[in-house]
Amino acid sequence: ELCMRRLIISNFRVGSWYLHEKIVNNKSGACEGLGEISCDFYEDRTTKVNNWLTKQNDIVGKFHPIQWEGGDHRQVIEFADVIFYLQRENTLEQVVSYAVSMISDGPRPNSLASSRSRTPVLDGYGIGDEELNASYQRLKAQHDMIQDIYNEFPSTVLTLETDCANDPYPNRYVYTGSWTPPENLWLNQ
């Protein structure tokens, strides 16, 4: 039996962990989740990439290209049997969620764990236009990398709100300010 390598290429705060776990759990335990292949924080990236390239069972991995700037993205992407691109329809919610994650206390500034246990209201987070602009710029830089990858390796594009019925999504916050994103971070399909 051939192993199937499923790769989720996404930006931050678009539901990639949800999709990762959904794929793992839909395979009755037969699909191994490798998590963030490109992240070098929780475990060594070289080991994760090697696992992606050598494992002989069904696997799924997440790929955030900005976590491996200057790395050999092609070696990961070309080895995928199936690629899912994941995005969020509401870019403002994505930017707000990322800004909250970046300033939240926790084991890591970019940690999901740090923000999931907090209140969904922004009061007390101290998020203003400066934080939202910084959040947007980081997400936009990664979006541009993903757009380039998509242009070379087109495949299925899923959206959090439509295709990943994770309701309520745990990283949604009430934002009442006037900041708006300069443009939506959607792939040009």
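Residues numbered from 1 in each chain as written. Predicted model: local features only at pLDDT ≥ 70, side-chain atom pairs only at ≥ 80, totals over all residues. Heavy atoms only, no water.

Turning our attention to the environment of L7. For L7, the location among the structural elements is in strand β1 (residues 5-10). Separated by 13 residues in the primary sequence, L7 and H20 place their C-alpha atoms 8.9 Å from one another. Those residues within four positions of L7 in sequence are excluded, and the remaining contacts are I37, W52, G61, K62, F63, V76, I77, A80, V82, I83 and F84. (Helix = DSSP H or I, 4+ residues; strand = E, 2+ residues; numbered from the N terminus. Contact = heavy atoms within 4.5 Å.)

This part is about the nonpolar core. Membership of the largest hydrophobic core comes to 20 residues, with the highest contact counts inside it found for L7, I9, W52, F63, V76, I77 and Y85. Of all the secondary structure elements, the ones that give two or more residues to this core are β1, α2 (45-54), β3 (58-63), α3 (73-77), β4 (82-87) and α6 (129-152). Residue contributions to this core peak at three residues, all from α6. Setting aside chain neighbours within four positions, we find I77 in contact with L7, I9, F63, I83, I149 and F153. I66, Y98, I127 and Y173 belong to the second-largest nonpolar core, a separate cluster that totals 16 residues. (Core = buried A, V, L, I, M, F, W, Y, C linked by side-chain atoms within 4.5 Å. Buried < 20%, exposed > 50% of the residue type's maximum accessible area, 1.4 Å probe, protein only.)

Okay, the confidence of the model for the chain next. When pLDDT is averaged along the chain, the result is 84, and 83% of the positions lie at 70 or above. In this model, residues 106-119 is a region of pLDDT below 50 whose contacts with residues beyond four sequence positions or in other chains number 33 contacts. (pLDDT = per-residue confidence, 0-100.)

Among all positions in helix α1 (residues 16-26), only S16, L19, H20, I23 and V24 are buried. Looking straight down α1, one finds that the buried residues subtend no more than 135° of arc, so they occupy a single side. More than 90 degrees from the buried face of α1, the exposed residues found are N25 and N26. Each element contacted by the buried residues of α1 is listed here: β1, β2 (31-36), β3, β4 and β5 (156-159). (Arc of directions from axis to C-beta.)

In total, this model carries eight salt bridges according to the counting rule given. Close ionic contact of K55 with E32 constitutes a salt bridge, the shortest N to O distance being 3.4 Å. Of this pair, K55 sits in the loop between α2 and β3 while E32 sits in strand β2, placing them 23 residues apart in sequence. The class of K55 is partly exposed, set by a relative accessible area of 23%. Residue E32 is classed as partly exposed on the basis of its relative accessible area of 27%. Between D144 and K140 there is a salt bridge whose closest N-O contact spans 2.6 Å. Linking D144 with K140, this pair stays in helix α6, spanning four residues, or about one helical turn. According to the relative accessible area criterion, D144 is partly exposed, its value standing at 33%. Looking at K140, the relative accessible area reads 17%, which means it is buried. Connected via shared salt-bridge partners are R74, E78 and E152. (Salt bridge = Lys/Arg side-chain N within 4 Å of Asp/Glu carboxyl O.)

Attention shifts here to the packing of aromatic side chains. Within this structure, the stated rule accounts for three aromatic pairs. Plain terms: the ring middles of F12 and Y98 are 5.4 Å apart, the flat faces sit at 5° to each other, and that makes the pair stacked. Placement of the pair is F12 in the loop between β1 and α1 and Y98 in helix α4 (residues 91-103), with a sequence separation of 86 residues. Overall, Y98 belongs to the buried group, its relative accessible area being 2%. On the numbers, 5.0 Å between centres and 80° between planes, the contact of Y85 with Y150 is edge-to-face. Of this pair, Y85 sits in strand β4 while Y150 sits in helix α6, placing them 65 residues apart in sequence. By relative accessible area, which is 10% here, Y150 ends up buried. (Phe/Tyr/Trp six-rings, centres within 6.5 Å; stacked < 30°, edge-to-face > 60°.)

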